[in-house]
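# Chain and residue survey
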Amino acid sequence: MTTLVTGGRKRAAPAIFVIPAILVGLAMLVPIFYLVLRATEADFGTVASLVFRPRTGQLLLNTTALVAGVLILATAIAAPLAWLTTRTSLKGRRIAHILVVLPLAVPGYVMAYALIGLSGYYGFMNTLFGWTFPRPQGWLGATLALSLYTYPYIYLNLRAALGSIDASLEESARALGASPREVFFRVTLPYLRPALFSGWLVVGLYVIGDFGAVALMRYEVFSYALYTQYAAAYDRIYAAWLALIMITIAVSVIWWESKLREGAHFARTGTGSGVRSSLSSLSTLPSVAAWCFIALVALASLGLPVSVLAFWLSAEPLLPSLPALLTSFWHSVSVAVPSALLAGALALPVAVMAVRYPSPLSSAINRLAFIGYAVPPLAFALAFVFISLGFARPLYQSHLLLVIAYSLAFLALALGPIRAALYLARPSLEEAARSLGYSPLSVVAHVVFPLIRRGVIGGMVLVFVIAMKELPIAFLLAPTGYRSLAITLFSRTSEGMLVNAAPYAAAIIIFSGLFVGVVLRHEAKHD
Amino acid sequence: MTETADIDRSSGPLLAARDLVRHFPSARGAAVAGVSFEVMPGELIALLGPSGCGKTTTLRLTGGFERPDAGTISLNGRDVTNLPPEKRGIGFVFQDYALFPHLSVAANVAFGLRHASAADQRKRTAQMLEMVGLADLAERMPHQLSGGQQQRVALARTLAPAPPLVLLDEPFSNLDAALRVETRQEVRRLLKQAGSAAILVTHDQEEALALADRIAVMHAGRILQMSTPDDVYRRPADEFVARFIGRSNIVPACANGFLAQTDFGDLAIDRTMYGNVRLAVKPEQFVLTPAEDGNGVVIGREFRGHDQLYWVRVGGTEIMAIAATNSLLTIGTPVRLTTSEPVALFEQAVAENS
């Protein structure tokens, strides 16, 4: 047909988008390049003795066990919840949805803090019920803390897929003689696979990169090993190798996900509007059972951290610790705000390239932009330590370096909303304004900017909130005297000062709550 | 059907395109390969052709969204070839309507009126919305409107600054079939009422025939014929036009003055000609008479309500012919095939009185 974007009418991208976009793509490659450079400094014998030893195997085993454990537990929690809130007539589905998404506001290390705070002689359980149990740690503790924090990612993916499945797919399967059970296994489940995989990818990458929860649970995985290597016995070459191994694991997870997804292409074909599936009605008993399950999940993932926090907060007056908390808050803000602005500014040309000037170059740049997201944060931060020590000495332990690292690490987050907004601002809208007498510049002011403003601000807010609670990168790149909320919480918890850590945990939860609020509002708009 | 009284032919053409050429780097051949046409004030032109024929590119060249590699465009005698779209004062209605999603219906309509005073803007906007019958939806947002309403808002927005010329890119393709027929007469009425000339791009011949004062049939980057709907339909300039507009029977023949010899007898032709020609006979130009000694036999039929379409084998060829339903012919009936009027012809023959 006569669409506006046929192959023939493709225009070349103007330099003001191309050059910054290429620079962003290259900036993403620099850290990896530098890690490789450091890692290959040593001769082969040294490397072999560092890398090929039983400890590496143990770390690999532990990392795999943790990823597998979290994926299984988080899916077991998320899948029934997604089905209940989208495909049944359960009363109070909307409330259940909010309850189930809210744990996103409780980062893994806060969840770990809560689990630890529950236990012990001075802990919540003993004080309230006279019930002491040992401090959770190791694989079980880390799996619990991370699953309770990450399951909403899988839930949200499954929910979106379940909500979008075309009823005519399932109905035609029924018409072809399949029982409801067969329909579930042969139609619904295969349809959900891509959503499940992308949920697993997000959670898998998070678990591989997580540092706070595993460190507090003292579970030896690669990120923990990298941290101790950096903090105590600083061996650059071994640290670089650990970082590269982590990156390799992350890349292989991404590779597997894309391999699995290749065979699963389930976009609707054909025209006509899709039909929403009908809801299964739940009678009283299953409804009660469903709510029991929802309550159990909410109690564990929300009630637990909130009540433990309330317990420790009430243990000591708040006022004296307020000035320190405010300073800490200010430290976090002073880095998060410029990071958000920079990430937004860097993401804009990349998004414009992707949406308006699709080409092999722009898709390559857009892939590179995800490096910051995919590379485990400790490895990413270590690369920046090397770079600054290597040939940008004044940047070492500076605010600027932390801001740059954040903006690159979270660029992908800002990219999503900006790209979505640009898709909304179709080229025909700009042409319509031109034909109504507006010059190119006033088209930008009157049409393009109002349309993408929301997306740009949305992307920046995401980066801001994530940066506010970020731990591992801050840990390695913290400027001297920089005590963000996350760093203070982490160091106090790891020293066993649970009372002193509580206000910081509360501040982080409130802030992360904002993030969840953004997600929920965004979702509500699309419902 | 075609009211041509409102086309002003006293002065020169409103728009004149001369030898427009446009190449796209990634495509083989030119998208537009030497297109010339004129539009009179108040005239409604349809650019008709299959997809990829260059009709949309011609429209975008006229609107200023593309620049020609060669050729000129003048508006009211002024060369506008290198003017950007905003300096041309030509209205454009997009296939997807391109309503600004962040602005209300009223703000969309007022968008092109920013140089007018606030009071004038309000007055003109109200007047335009009144004209398209959407006065009570002024404060709605575009996504709250149906497809047909969105299109009327797009038209009101385009017509608000009173452009002398409006370009419409497949304006009905996003509407469902029932709404399309209704809307196109509405659009024709609105354009005539506003006194704007218009160029409409479409691949739907029925739409072009119903809407336009003149039709330009395009193929492979060129205009093959530009004439009134009646002319284009009855006297196609070549075989492509004949096949594209309505169903035509292409019959090889040997012309000899006012008659042309075919496999199934002599047919009257619409001008004198000698030598080998091809005739373009519309199905309804044939007359079918059941006759035992007829020259053809019915081999298929399609019931169409008020009439029937028959396939008739005559000699070695299959002919489509339309006959009224009162003469129901069964398959196998022998028939005589004649024509009711002189038929159109074309191709390598020497015209006597050209």
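Report on the accompanying structure.

## A short note on helix α5 (residues 177–194) of chain B
Residues and elements named next belong to chain B. An ideal rise of 1.5 Å per residue puts 26 Å on 18 residues; α5 measures up with 26 Å between its terminal C-alpha atoms. Three or more residues of α5 are buried, namely Thr-183, Arg-184, Val-187, Arg-188, Leu-190, Leu-191 and Lys-192. Looking at the buried side of α5, the elements it contacts are β3 (44–48), α3 (118–131), α4 (147–159), β7 (165–169), β8 (197–202) and α6 (205–211). Of the residues trailing α5, Gly-195 is marked for its positive phi of about 75°.

## Some details on the pairing of strand β15 (residues 307–314) of chain B
All names here are of chain B. Within β15, six of the eight residues are buried, leaving the element largely enclosed by the surrounding structure. Bridge count for strand β14 (residues 296–303) against β15 is seven bridges, and the pairing is antiparallel. Its bridge partner lying in β15, Phe-303 is registered against Gln-308. Turn length for the β14-β15 hairpin, with the two strands adjacent in sequence and antiparallel, is three residues, and the turn residue Gly-305 shows positive phi of about 95°. Relative to strand β16 (residues 317–324), β15 is paired through eight bridges, and the arrangement is antiparallel. Within β16, the position partnered with Leu-309 by the bridge is Ile-322. If you look at the hairpin formed by β15 and β16, you'll find two residues sitting between the two strands, and Gly-315 has a positive phi there, around 55°.

## Re the packing of aromatic side chains
Applying the stated rule across the entire model yields 24 aromatic pairs over all chains. The ring centre of Tyr-233 of chain B lies 4.5 Å from the NZ or CZ of Lys-282 of chain B, which sits over that ring.

## Here's the deal with the sheet that holds β3 of chain B
Residues and elements named next belong to chain B. One open sheet accounts for six strands, arranged β6-β7-β8-β3-β9-β10; its pairing is mixed. Both outer strands of the open sheet, β6 (91–93) and β10 (222–227), are each paired with one neighbouring strand and no more. Strand-to-strand twist in this sheet, taken as the mean axis angle between neighbours without regard to direction, amounts to 20°. Taken together, the five bridges between β3 and β8 define a ladder with parallel strand orientation. In the strand pairing of β8, Ile-45 is matched with Ile-199. Relative to β6, α4 is tilted by about 170°, and along the sheet it contacts β6 and β7.

Calculation notes
- Residues numbered from 1 in each chain as written.
- Chains lettered and ligands numbered in written order.
- Predicted model: local features only at pLDDT ≥ 70, side-chain atom pairs only at ≥ 80, totals over all residues.
- Heavy atoms only, no water.
- Helix = DSSP H or I, 4+ residues; strand = E, 2+ residues; numbered from the N terminus.
- Expected span 1.5 Å × (residues − 1).
- Buried < 20%, exposed > 50% of the residue type's maximum accessible area, 1.4 Å probe, protein only.
- Contact = heavy atoms within 4.5 Å.
- Pairing = 2+ DSSP bridges.
- Phe/Tyr/Trp six-rings, centres within 6.5 Å; stacked < 30°, edge-to-face > 60°.
- Lys NZ or Arg CZ within 6 Å of the ring centre and 35° of its normal.
- Axes fitted to C-alpha atoms, helices over the stretch in contact; angles between N-to-C directions.

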